[in-house]
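Spelled out from the first residue to the last, the chains are:
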Amino acid sequence: MSKMMNVDITMYGIAEVLNWCHDRNKGRVPGVDTEGFKKMQELLAQKPQSGDYFTLDQFWKKKVSLPLTEDEVATIDRCLYDIPNFDNEPLPQIRHKFWPQEVATH
């Protein structure tokens, strides 16, 4: 079992992660059907259906703390780095949140 880590992310960030990991994935990166990804989909499903700008703006800026495994974080990092490169797209700004953490060894 991988170590769990909490990632603070906005709803907009979740939408970016799901866009690159699910919508654009096309099976290129495995492991996007885990609990962490299901939780992100549930959170995004709460998006208000109103077209009111203020309501939507508040929703996209809302921060949540997601418990993700190290494997899920590594998968997200691959989605946000590899897939845009496959398609010659600019890298998503949200990627910096999922860079692998440096492990200090003494």
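Residues numbered from 1 in each chain as written. Predicted model: local features only at pLDDT ≥ 70, side-chain atom pairs only at ≥ 80, totals over all residues. Heavy atoms only, no water.

Asks: So, the packing of aromatic side chains: which residues are in play, and what are the values?
Replies: Inspection of every chain in the model, using the stated rule, returns one aromatic pair. Consider the rings of Phe-59 and Trp-60, whose centres lie 5.1 Å apart with planes at 70 degrees: the pair is edge-to-face. The class of Phe-59 is buried, set by a relative accessible area of 6%. (Phe/Tyr/Trp six-rings, centres within 6.5 Å; stacked < 30°, edge-to-face > 60°. Buried < 20%, exposed > 50% of the residue type's maximum accessible area, 1.4 Å probe, protein only.)

Asks: Can you lay out helix α2 (residues 35-44) for me, pointing to particular residues and giving the numbers?
Replies: Side chains that are three or four residues apart share a direction in an α-helix, a result of its 3.6 residues per turn. Looking only at α2, the buried set comprises Gly-36, Phe-37, Met-40 and Leu-43. In a view along the axis of α2, the buried residues occupy a sector of 120 degrees, so they form one face of it. (Helix = DSSP H or I, 4+ residues; strand = E, 2+ residues; numbered from the N terminus. Arc of directions from axis to C-beta.)

Asks: Just give me the short version of the nonpolar core, but keep the residues and values in it.
Replies: Ile-14, Val-17, Ile-76 and Phe-98 are the most contacted members of the largest nonpolar core, which totals 24 residues. Those elements that place two or more of their residues in this core are β1 (4-10), α1 (11-23), α2, β2 (63-69) and α4 (70-86). Sort the elements by how many residues they give to this core and α1 lands first, with six residues. The residues touching Ile-76, leaving out its near neighbours within four places in the chain, are Val-17, Cys-21, Phe-37, Met-40, Leu-68 and Phe-98. (Core = buried A, V, L, I, M, F, W, Y, C linked by side-chain atoms within 4.5 Å. Contact = heavy atoms within 4.5 Å.)

Asks: Residues and numbers for α1, please.
Replies: Those residues of α1 that fall on the buried side of the exposure criterion are Met-11, Gly-13, Ile-14, Ala-15, Glu-16, Val-17, Leu-18, Trp-20 and Cys-21. Against the buried residues of α1 lie β1, α2, α3 (53-61), β2 and α4.

Asks: Give me the environment of Leu-18: which residues, what numbers.
Replies: With respect to the element layout, Leu-18 can be found in helix α1. Remark: the alpha-carbon pair of Leu-18 and Leu-44, spanning 26 residues in sequence, is separated by 9.2 Å.

Asks: I'd like to hear about the side chain of Asp-77, residue by residue, with values.
Replies: Owing to a relative accessible area of 11%, Asp-77 belongs among the buried residues under this scheme. Within polar-contact distance, the side chain of Asp-77 engages the side chain of Arg-95 at 3.1 Å. (Polar contact = N/O pair within 3.5 Å; in protein donor to acceptor, adjacent residues only side chain to side chain.)

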